[in-house]
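A closer look at the structure
Residues per chain are reported as follows:
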Amino acid sequence: QVQLVQSGAEVKKPGASVKVSCKASGYTFTGYYIHWVRQAPGQGLEWMGRINPNSSGSSCAQKFQGRVTMTRDTSTSTAYMELSSLRSDDTAVYYCARHINYSFDYWGQGTLVTVSS
Amino acid sequence: QSALTQPPSASGSPGQSVTISCTGTSSDVGGYVYVSWYQQYPGKAPKLMIYEVTKRPSGVPDRFSGSKSGNTASLTVSGLQAEDEANYYCTSYAAGNNWVFGGGTKLTVL
């Protein structure tokens, strides 16, 4: 069965970087884009960007350009999202999701990133 | 890219129908047939309920249906059940390889 398993919770100081992983199983990793979506406490969902695991090509929302880096390791079927220059308003649950038909059919369990001094 | 507009809350009694709207622009909702809807329980990951405006993934009850008119998409839940109480989010593909979410609607079953 399709599964996306994310790395554990992180606590970071302002200005630091965080790297979240998303390990895929149960399907051909290179056959589907992986998207990253975040959710601040008590808030809605926010699309961050996507990566093509086959080509490694990526794109992100304008808001995150210059701060987010998406990579992948095909040998371990793992996608990564690194967010730099962290601020307190980056505190959120970060999700990876598999893309199909312009929607997201499988989601990771979420990774809580807390930014606090 | 601005977020899509959803009502913050909606409610209905068991057995009734409720419709949640999702308003965007011609650059997102109105320009593509790529609107999807997600159900999210507190503390859980979202679940895909509707994709490409009207299509239901396998396993989603046919009580859930989607539609679109112009720049506004809608999710209708018929025959409301207690388990339908959750937050619902719409999203749309947008010009320039972007995706945009709605602010979310909390559905309460009275």
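The shown structure was predicted, so the numbers you read here are calculated from the model rather than taken from an experiment. (Residues numbered from 1 in each chain as written. Chains lettered and ligands numbered in written order. Predicted model: local features only at pLDDT ≥ 70, side-chain atom pairs only at ≥ 80, totals over all residues. Heavy atoms only, no water.)

**Quick notes on the environment of L75 of chain B**
Residue and element names in this part refer to chain B. As for its placement among the helices and strands, L75 is situated in strand β6 (residues 72-77). With a relative accessible area of 0%, L75 lands in the buried category. C-alpha separation for the pair L75 and Q16, spaced 59 residues apart in sequence, amounts to 14 Å. Non-local contacts of L75, meaning those with residues more than four positions away in its chain, are made with V18, T19, I20, W37, I50, F64, S65 and Y88. (Helix = DSSP H or I, 4+ residues; strand = E, 2+ residues; numbered from the N terminus. Buried < 20%, exposed > 50% of the residue type's maximum accessible area, 1.4 Å probe, protein only. Contact = heavy atoms within 4.5 Å.)

**Observations regarding the interface of chain B and chain A**
Of the residues lining the interface, 19 residues belong to chain B; the matching set on chain A comes to 21 residues. Across the chain B/chain A interface, buried area totals approximately 1700 Å², and carbon plus sulfur atoms make up 63% of it. Among the residues chain B hides against chain A, the three largest losses belong to P46, W99 and F101 of chain B. Together they make up 39% of the total. Counting the contacts that link chain B with chain A gives 0 salt bridges. Applying the counting rule to chain B against chain A returns 7 residue pairs in polar contact (both at pLDDT 80 or more). Contributions of two or more residues to the side of chain B that touches chain A are made by β3 (35-40), β7 (86-94) and β8 (98-101) of chain B. (Buried area = accessible area lost by both parts, 1.4 Å probe. Salt bridge = Lys/Arg side-chain N within 4 Å of Asp/Glu carboxyl O. Polar contact = N/O pair within 3.5 Å; in protein donor to acceptor, adjacent residues only side chain to side chain.)

**Regarding the pattern of salt bridges**
In the structure shown here, the tally under the stated rule is 9 salt bridges over all chains. Put simply, R38 of chain A and E46 of chain A hold a salt bridge, and the shortest N to O gap is 2.9 Å. The exposure class of R38 of chain A is buried, given its relative accessible area of 6%. A salt bridge links D84 of chain B to R63 of chain B; the shortest N-O distance between them is 2.6 Å. Placement of the pair is D84 of chain B in the loop between β6 and β7 and R63 of chain B in the loop between β4 (47-50) and β5 (64-69), with a sequence separation of 21 residues.

**Quick look at the sheet that holds strand β7 (residues 68-73) of chain A**
All names here are of chain A. Reading across from one edge, β1-β3-β8-β7 is the order of the 4 strands in this open sheet, with antiparallel pairing throughout. Lying at the two open borders of the sheet, with one neighbouring strand each, are β1 (3-6) and β7. Averaged over neighbouring strand pairs, the angle between their axes works out to 20° when direction is ignored. In this structure, β1 lies alongside strand β3 (residues 18-25), joined through 4 bridges in antiparallel fashion. Bridge assignment links Q6 to a residue of β3, and that residue is C22. (Pairing = 2+ DSSP bridges. Axes fitted to C-alpha atoms, helices over the stretch in contact; angles between N-to-C directions.)

**Digging into the nonpolar core**
Residues I34, W36, M81 and L83 of chain A together with F101 of chain B are the most contacted members of the largest nonpolar core, which totals 40 residues. Ranked by residues supplied to this core, first place goes to strand β9 (residues 92-100) of chain A with 5 residues. Core analysis: the next-biggest nonpolar cluster, separate from the first, contains 24 residues, L4, M49, A73 and L75 of chain B among them. (Core = buried A, V, L, I, M, F, W, Y, C linked by side-chain atoms within 4.5 Å.)

**Describing unusual backbone geometry**
All names here are of chain A. For S56, which is not glycine, the phi dihedral falls at a positive 75°. One can find S56 in the loop between β5 (45-51) and β6 (58-60). Even without being a glycine, S85 presents a positive backbone phi close to 50°. Secondary-structure assignment places S85 in the loop between β8 (78-83) and β9. Taking relative accessible area as the criterion, S85 reaches 41% and is therefore assigned partly exposed.

**Examining the packing of aromatic side chains**
Inspection of the entire model under this criterion finds 17 aromatic pairs over all chains. Members of the aromatic cluster, joined through ring pairs, are W47, Y95, Y102, F104 and W107 of chain A together with Y32, Y34, Y38, Y93, W99 and F101 of chain B. Across the ring face of Y80 of chain A, the terminal group of K19 of chain A is positioned such that the distance to the ring centre comes to 4.9 Å. The ring of Y32 of chain A has R98 of chain A lying over it, and the distance from NZ or CZ to the ring centre is 4.0 Å. (Phe/Tyr/Trp six-rings, centres within 6.5 Å; stacked < 30°, edge-to-face > 60°. Lys NZ or Arg CZ within 6 Å of the ring centre and 35° of its normal.)

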